[in-house]
Amino acid sequence: SADTAYEALTVETLPERLKDVTALTAQVGEDPALWQVEEVGDGNLNLVFIVTGPGGKVIVKQALPYVRLVGDSWPLPLYRAFYEYHALIRQAARDPGAVPAIYHFDESQALIIMEFLAPHVILRRKLIAGEHVAGLAEFLGRYCARTAFRGSELSMSSPDKKADVALFAGNVEIPAITEALVFTDPYFDAEMNSHTKGLEPVIATLRADVALKVKAQQALQRFVSNTETMVHGDLHSGSIMSTGRDSRVIDPEFVQYGPLGFDIGMLCANFLMAYFSQPAHRGADLDEYQDWILGIIADTCRIFEAEFRHLWATERTGILFPAALFEDQGHDSTPACDAVLTGLWRDAWAVCGIEMHRRCLSLAHNADFEDIADMSVRASLEARNLLMGAELIHTADTVADAQAVCALARAYN
Ligand code: ADP
Ligand code: MG
Ligand code: MG
Ligand code: MG
């Protein structure tokens, strides 16, 4: 409860410690002796428990005061649970149904009790297994557009937006991980970097490319200084849970106010890495499945744009691009929307290329590549991904659209 000092839960202590939380007992049942508790955290940072009782199941997620992936030598503030909670309730308001239902938040224990998603599994596992998810592009395109638009001054009032930016500005150390691991570490010999043997010549090429490093740092500059909207901050395929036809977004602890194009750029990178890794995971269905992944990228971006333009036309209630300057004077505001989207995609494609680099070069690699046991196969597939990432960073300002990005992926495949 709110007046007790933080203590990490264990499967043994959880029932006794949470037995009086009515938001929990309402879901699973009142008698803690009948609960089963399992720790299932597979992420890099936090404890995640499934609590099963006669009434049902819930997820209990608790922050640890250090980075789980590294250990207690790398402390990390518990307050990230506070920001995760505040991000989740905003995402739920901005795109209803997109995130798990939130039942309870305890700030001093850094814990969130939420809906147990079932039979959802982490999307990355489905992509490695070659499974299809119906409605995925529609869900992700709308989620990214709605959260981007509705978290910005295109929608919000100036006082509300400033209050929210101030609130999330307290989330310091977690976005700082992104600042270093994503934008900077791939381009020098950072301490926690690792890479697959054989990539050394490609890495040398990237680090010798001064223009590339300038573009990556300009993307970082926009990431840290541009508070256009509330971003999820970690929207990769490990932060999406899906069934064959339903998807949700989880784990927004890297939330901050940042560029409109950040989340969709990072998301597309993770689909591109899934694409490049497929030759190691598929047999006869390789071409069909790679086509499906590229179709998801193209459709997600197309639906994103359509939803963004729809919100522009119907919900432009903030201080930006007011109707007084356009429609009220008999002027179409489409050129203004085009200009906003041009900047958005420029940021998105730069972030996309950088994310493709960091997942192979700095800390926290992804299973799409990491599950490939044959190191020479892995290195050659990662090399394609790294080289395409570099081209995207260089050409982010001029990329025509997601179709052109998919064509580029085919050329590097
Ligand atoms: P971390 O911040 O440590 O990465 P996540 O929020 O990503 O933690 O959760 C870790 C894992 O726990 C997920 O990969 C997923 O397998 C499981 N998980 C998290 N939230 C839920 C949920 N609401 N329903 C079902 N499983 C979940
Ligand atoms: Mg996670
Ligand atoms: Mg690796
Ligand atoms: Mg997380």
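Colleague: An account of the overall build of the protein is requested, with residue identities and associated values reported.
Modeller: Counting secondary structure elements, the protein contains 15 helices and twelve strands. Taking 22 Å as the expected radius of gyration for a compact globule of 413 residues, we find that the protein reaches 22 Å, a close match to that expectation. For the protein, the spread of C-alpha atoms along the principal axes amounts to about 60 × 60 × 40 Å. Burial statistics for the protein: of 413 residues in total, 56% are counted as buried. Expressed as a percentage of contacts within the protein between residues at least 6 apart in sequence, the contacts between residues at least 24 apart total 74%. For the protein, the accessible area works out to roughly 16500 Å², and carbon and sulfur atoms hold 55% of it. Positive and negative side-chain charges in the protein, numbering 33 and 56 respectively, have mean positions lying 3 Å apart.

Colleague: Outline the coordination of the magnesium ion (ligand 4), supporting the account with residue identities and numerical values.
Modeller: Around the magnesium ion (ligand 4), the protein contributes the donor atoms Asp251 (OD), Asp251 (OD) and Glu253 (OE), at 1.9 to 2.2 Å from the metal centre. Between the magnesium ion (ligand 4) and the magnesium ion (ligand 2) the interatomic distance comes to 3.6 Å, and Asp251 is a ligand of both metals. Looking at Asp251, the relative accessible area reads 18%, which means it is buried. With relative accessibility at 2%, the residue Glu253 sits in the buried group.

Colleague: Could you give me a rundown of helix H8 (residues 200-208), with the residues and numbers involved?
Modeller: Where H8 is concerned, the buried positions are Val202, Ile203 and Leu206. The buried residues of H8 occupy an angular sector of 100° when the element is viewed end-on, so they sit on one face. Across H8 from its buried face, at more than 90 degrees, point the exposed residues Pro201 and Ala208. Tucked into the core, H8 has its buried residues touching helix H9 (210-225), helix H12 (334-361) and helix H14 (375-395).

Colleague: I'd like to hear about the pattern of salt bridges, residue by residue, with values.
Modeller: Note that side chains of opposite charge can pair when their charged atoms are close. Summed over the entire model, instances satisfying the criterion amount to 29 salt bridges. Salt-bridge contacts for Asp20 lead to Lys19; the nearest nitrogen and oxygen are separated by 3.8 Å. The partner of Glu131 in a salt bridge is Lys126, with the nearest N and O atoms 2.9 Å apart. We classify Lys126 as buried; its relative accessible area is 9%. Within the structure, one salt-bridge network assembled from shared partners comprises Glu16, Lys19 and Asp20.

Colleague: Can you break down a nonpolar patch on the surface residue by residue, with the values?
Modeller: Together, Leu69, Val70 and Met192 give the surface a local cluster of nonpolar side chains, amounting to about 230 Å² of exposed area. With respect to the helices and strands, the residue Met192 is situated in the loop between helix H7 (173-182) and H8.

About the thresholds
Residues numbered from 1 in each chain as written. Chains lettered and ligands numbered in written order. Predicted model: local features only at pLDDT ≥ 70, side-chain atom pairs only at ≥ 80, totals over all residues. Heavy atoms only, no water. Helix = DSSP H or I, 4+ residues; strand = E, 2+ residues; numbered from the N terminus. Rg over C-alpha atoms; globule rule 2.2 N^0.38 Å. Buried < 20%, exposed > 50% of the residue type's maximum accessible area, 1.4 Å probe, protein only. Contact = heavy atoms within 4.5 Å. Areas by Shrake-Rupley, 256 points an atom, 1.4 Å probe, with all protein chains shown as cover. Lys, Arg positive; Asp, Glu negative; His and termini not counted. Charge placed at Lys NZ, Arg CZ, Asp CG, Glu CD. Donors = N, O, S within 2.8 Å, 3.2 Å for Na, K, Ca; no water. Arc of directions from axis to C-beta. Salt bridge = Lys/Arg side-chain N within 4 Å of Asp/Glu carboxyl O. Patch = residues over 30% accessible without salt bridge, like charges linked within 9 Å, V, L, I, M, F, W, Y side chains within 5 Å.

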